[in-house]
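Summary of structural features
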Amino acid sequence: MITLTVNGQRHDLDVEGVEPLLYILRDDIGLNGAKFGCGLGQCGSCTVLIDGKPVLSCITPAIVAQGRSITTLEGLGTLREPGPVQRAFIEEQAAQCGYCIPGMIMRAHALLKRNASPSEQEIRTALQPNLCRCGTHMRILAAVRRAASEMRQAQAGGASSGHQEASR
Ligand code: FES
Ligand code: FES
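Along every chain, residues carry numbers that run from 1 in the direction the sequence is written. Chain letters start at A and ligand numbers start at 1, both assigned in the order the entries are written. For this predicted model, a pLDDT threshold of at least 70 governs which residues receive local features, and a threshold of 80 or more governs which side-chain atom pairs are given and counted, while totals over whole chains, interfaces and linings are taken from all residues. Side-chain figures throughout are based on the complete set of non-hydrogen atoms in the structure, without hydrogens or water.

On to the nonpolar core. In this structure, Val 85, Phe 89, Met 104, Ile 105, Leu 112, Leu 127 and Ile 140 are the most contacted members of the largest nonpolar core, which totals 27 residues. Numbering goes from the N terminus for both helices and strands, where a helix is a DSSP run of H or I of at least four residues and a strand is a run of E of at least two. Going through the elements one at a time, helix H2 (84-91), helix H3 (101-114), helix H4 (120-127) and helix H5 (137-167) are the ones with two or more residues in this core. Considering each element in turn, this core owes the most residues, eight residues, to H3. Here, residues are in contact when the closest pair of their heavy atoms is within 4.5 Å. If sequence neighbours within four positions are ignored, Met 104 has contacts with Phe 89, Leu 127, Asn 130, Leu 131, Cys 132 and Ile 140. Counting 21 residues, the second-largest nonpolar core is a separate cluster that includes Leu 4, Ile 24, Ala 34 and Ile 70. The term nonpolar core refers to a set of buried residues drawn from Ala, Val, Leu, Ile, Met, Phe, Trp, Tyr and Cys, joined through side-chain atoms within 4.5 Å. For the exposure calls, accessible area comes from a 1.4 Å probe over protein chains only, and a residue counts as buried if that area is under 20% of its type's maximum, exposed if over 50%, partly exposed in between.

Following this line, the structure appears as structure tokens:
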């Protein structure tokens, strides 16, 4: 029996902790955002965040994530209300088959949380572990740039309205 906290929700699971986290997320919790690509830690389609850091869930035993905070694609937004990175990928139409995109979004989200203004090289380096076999790279890069810019604008807007509130 292990307990995992995924997207803020606690799950008590009657599973072997040595199973890959990806299998538990998809088969036992029903979160299919993270994808099975290679199953060998080589493609990044299974990327999720543990305590905000990207991990390859196909080669991470579930027990490693116990007591920590797991975030999957579903934790970033919904169909009706996508998160900023998800929205940017939609706006840039950054997908062909789409299989790599959940992993790309998770890695981009982690990057923008720690670096709001990444350079082109920093974006490329951060996304390097994730592969796209359709060759959608240029659109993916554009989506990450757009997400970064929109998140900065939203933050600036929030900060200035906060100041206005404070000065009332
Ligand atoms: S499925 Fe995990 S890295 Fe490919
Ligand atoms: S869009 Fe098909 S693998 Fe990236």
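Still to come is the rest of the account.
Attention shifts here to the pattern of salt bridges. Where side chains of opposite charge bring their charged atoms close, a pairing between them can arise. We define a salt bridge as a contact between a side-chain nitrogen of Lys or Arg and a carboxyl oxygen of Asp or Glu at a distance within 4 Å. A full pass over the atoms with the stated rule returns seven salt bridges. Across the salt bridge formed by Asp 12 and Arg 10, the nearest N and O atoms sit 3.1 Å from each other. The closest approach of N and O atoms between Glu 91 and Arg 146, which form a salt bridge, is 2.9 Å. Taken as a pair, Glu 91 in helix H2 and Arg 146 in helix H5 lie far apart in primary sequence, 55 residues in all. A network of salt bridges, in which partner residues are shared, links Glu 91, Glu 92, Arg 146 and Glu 150.

Mapping Leu 111 onto the fold places it in helix H3. Assessed through its relative accessible area of 3%, Leu 111 is described here as buried. Each C-alpha atom, one on Leu 111 and one on Thr 78, is 20 Å from the other, the two residues being 33 residues apart in sequence. Setting aside residues no more than four positions away along its own chain, Leu 111 makes contact with Pro 118, Glu 122, Ile 123 and Ala 126.

For every element, the axis is a line fit to its C-alpha atoms; helices are fit only across the contacting stretch, and the angle between N-to-C directions ranges from 0 to 180 degrees. The contact between H3 and H4 brings their axes to 9 Å, and the two run at 135 degrees. Here H3 lies oblique to H4, going by the angle between them. Once H3 is placed against H4, the crossing between them reads as right-handed. On the side of H3, the interface is formed by Met 104, Arg 107, Ala 108, Leu 111 and Arg 114, while H4 contributes Glu 122, Ile 123, Ala 126 and Leu 127. By the convention adopted, Pro, Cys, Tyr, Trp, Phe, Met, Ile, Leu, Val and Ala count as nonpolar, Lys, Arg, Asp and Glu as charged, and the other residues, Gly among them, as polar. When its residues are assigned to classes, the contact of H3 with H4 shows six nonpolar, no polar and three charged. Just so you know how the angles are binned, under 35 degrees is roughly parallel, over 145 roughly antiparallel, 65 to 115 roughly perpendicular, and the rest oblique. Less than a right angle of anticlockwise turn of the near helix away from the far helix marks a crossing as left-handed, whereas a clockwise turn marks it as right-handed.

What follows covers the packing of aromatic side chains. Each pair of aromatic rings taken from Phe, Tyr and Trp, with Trp reduced to its six-membered ring, is defined by centres within 6.5 Å and is described as stacked if the planes are under 30 degrees apart, edge-to-face if over 60, and tilted in the remaining cases. This model, assessed by the stated rule, comprises one aromatic pair. Judged by centre distance (6.4 Å) and plane angle (35 degrees), the rings of Tyr 23 and Phe 36 are tilted. Of this pair, Tyr 23 sits in helix H1 (residues 21-28) while Phe 36 is found in the loop between H1 and strand S3 (47-50), placing the two residues 13 residues apart along the sequence. Note on Tyr 23: relative accessible area 33%, which makes it partly exposed.

Strand residues, when the strand is regular, have side chains that alternate between the two faces of the sheet. Strands are labelled as partners when DSSP assigns at least two bridges between them. Sheet topology places S3 next to strand S4 (residues 53-56); four bridges connect them, and they run antiparallel. The partner of Val 48 across the bridge, within S4, is Val 55. Adjacent in sequence and paired antiparallel, S3 and S4 are bridged by two residues, among which Asp 51 carries a positive phi angle near 50 degrees.

If you add up the space inside the largest pocket, you get close to 210 Å³. A pocket here means an open set of points on a 1 Å grid, computed over the protein atoms alone, that has protein on both sides within 12 Å along at least five of seven lines. A cavity is instead a set of points where a 1.4 Å probe fits but cannot get out; residues with an atom within 4 Å of a point line either one. What lines the largest pocket is Leu 73, Glu 74, Gly 77, Thr 78, Leu 79, Pro 82, Gln 86, Ile 90, Ile 101, Pro 102 and Ile 105. Taken together, the elements giving at least two residues each to the lining of the largest pocket come down to H2 and H3. Broken down by element, the lining of the largest pocket gets its largest block of residues, three residues, from H3. Of the residues belonging to the lining of the largest pocket, the class tally is seven nonpolar, three polar and one charged. Grid points are joined across faces, edges and corners, and a volume is the space filled by probe spheres set on the points.

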